[in-house]
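Understanding the architecture of this molecule
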Amino acid sequence: FFKGIGEFGMYKGSLKGIGPDDPEFMAIYKIAAEHHLVVMIHPDLGQQQIIEKILGAYPTVKFLFHGDEIDPYITTLMGIYPNVYYSIDTQLVNAIPHIANLYGADSKEQYLTELADNKDKILSTSVQKWKPRIEQFPDRFVWGTDRAFTWHFNPEVTTAIDEVSRKFIAQLDPSVQEKYAYKNAERLVAER
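It should be emphasised that the depicted structure is a prediction, and the values quoted were computed from it without experimental measurement.

Brief notes about the overall build of the chain
Along its length, the chain carries 7 helices and 5 strands. When its helices and strands are written in sequence order, the chain yields β-α-β-α-β-α-β-α-α-β-α-α. Its C-alpha atoms give the chain a radius of gyration of 17 Å, within 12% of the compact-globule value 16 Å for 192 residues. Along the first, second and third principal axes, the C-alpha atoms of the chain reach 45 × 40 × 35 Å. Within the span of the chain, comprising 192 residues, buried residues form 46% of the whole.

This is the structure:
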C-alpha cells in the first residue's frame, strides 16, 4: 500500500535539532529497507556527514531529498551513493531569493505579480543552476510541487508554477526531459 515514508523536515518545527541518524529514524530506515520504501528527507544545514552515514548504512533504501539546505552538495552525494535522489520543488520557481517566493509571499496576488514580473530571470537562473546537475545525473532528479498553504493550491498559482516548470523542462536535453518530468518519479516508486 505504501511506496514511501516522509517527508522528515529536519530544518524546522519539532524535528529541528534532531539528526537524521537519531535512533528512531534509524529504526524507520530499517523498516524502509525491509519493505522497499522510499524515504523522503528535507535535511537541515550542517547535516551532510550525518546524511552520508545513513546513506552508507542503508544502501538499499532509496532516499529522496529536497530543500535548499542540501542542494549545494547533492551531486557530490549522487556521485558516491547510488541510492540518492533529489526533488526540485520550490527551488525552481524560487530561484531568486526574496522574489516570487512561494513560502515568503504574503498572498496569492503578491506571488503571482512577482512571478509574472520576473519570469524570464527566474527561468534563466534556474536553468543555469539546475540544468548541468540534472544532465549529469539524469536518472536521479525529479520534478515536484511542494505546496502547503491554501493559496498555493489556487488554480492560478498552479497554472503559473506549471508554466515556469514546463519552460524549464523544455530547456533540458531532449533525452532528459521526460525522465525529469515524470519517468524518474515513476521508476523511483515502482522499484521494489
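Quick notes on the pattern of salt bridges
On inspection of all chains with the given rule, the structure shows 11 salt bridges. Between Glu-109 and Lys-108 there is a salt bridge; the shortest N-O distance is 3.9 Å. The shortest N-O distance in the salt bridge between Lys-183 and Glu-178 comes to 3.2 Å.

Details of empty space enclosed by the protein
A water-sized probe rolled over the atoms picks out the places where empty space is left. In total, this model carries 1 cavity of 30 Å³ or more according to the counting rule given. Looking at the largest cavity, its volume works out to about 30 Å³. Together, Asp-89, Thr-90, Val-93, Leu-102, Trp-143, Gly-144, Thr-145, Ile-161 and Ser-165 line the largest cavity. For the lining of the largest cavity, the elements supplying multiple residues, two or more each, are α4 (90-93) and α6 (155-171).

Describing the environment of Pro-97
Note that Pro-97 resides in the loop between α4 and α5 (108-136). Given the relative accessible area of 59%, Pro-97 is considered exposed. Separated by 31 residues in the primary sequence, Pro-97 and Gln-128 place their C-alpha atoms 15 Å from one another.

Notes on helix α1 (residues 23-35)
With 13 residues, α1 extends 19 Å between its outermost C-alpha atoms, agreeing within 8% with the 18 Å of an ideal straight helix rising 1.5 Å per residue. Of all the residues in α1, the buried ones are Phe-25, Met-26, Tyr-29 and Ala-32. Each buried residue of α1 lies within a common arc of 110° when the element is viewed along its axis, so the set occupies one face. Turned more than 90 degrees from where α1 packs its buried face, Pro-23 and Glu-24 sit exposed.

Looking at the packing of aromatic side chains
The full count for this structure, using the stated rule, is 10 aromatic pairs. Judged by centre distance (5.5 Å) and plane angle (20°), the ring pair of Tyr-86 and Trp-130 falls under stacked. In this pair, Tyr-86 sits in strand β4 (residues 84-88) while Trp-130 sits in helix α5, placing the two residues 44 residues apart along the sequence. For Tyr-86, a relative accessible area of 0% translates into the label buried. Clustering of aromatic rings is evident, with ring pairs tying together Tyr-29, Tyr-58, Phe-63 and Phe-65. We note Arg-133 situated over the ring of Trp-130; from NZ or CZ to the ring centre the distance is 4.7 Å.

As for helix α7 (residues 174-190)
The end-to-end C-alpha separation of α7 is 23 Å, in line with the 24 Å expected for 17 residues at 1.5 Å each. By the largest-angle criterion, Tyr-180 marks the main kink of α7, which is about 55°. Along α7, the positions that sit buried rather than exposed are Val-176, Tyr-180, Asn-184 and Leu-188.

Conventions and cut-offs
- Residues numbered from 1 in each chain as written.
- Predicted model: local features only at pLDDT ≥ 70, side-chain atom pairs only at ≥ 80, totals over all residues.
- Heavy atoms only, no water.
- Helix = DSSP H or I, 4+ residues; strand = E, 2+ residues; numbered from the N terminus.
- Rg over C-alpha atoms; globule rule 2.2 N^0.38 Å.
- Buried < 20%, exposed > 50% of the residue type's maximum accessible area, 1.4 Å probe, protein only.
- Salt bridge = Lys/Arg side-chain N within 4 Å of Asp/Glu carboxyl O.
- 1 Å grid on protein atoms, 1.4 Å probe; cavity = no way out; pocket = protein on both sides within 12 Å on 5 of 7 lines; lining within 4 Å.
- Points joined across faces, edges and corners; volume = space filled by probe spheres on them.
- Expected span 1.5 Å × (residues − 1).
- Arc of directions from axis to C-beta.
- Phe/Tyr/Trp six-rings, centres within 6.5 Å; stacked < 30°, edge-to-face > 60°.
- Lys NZ or Arg CZ within 6 Å of the ring centre and 35° of its normal.
- Bend = angle between axes of the 7 residues up to and from the residue.

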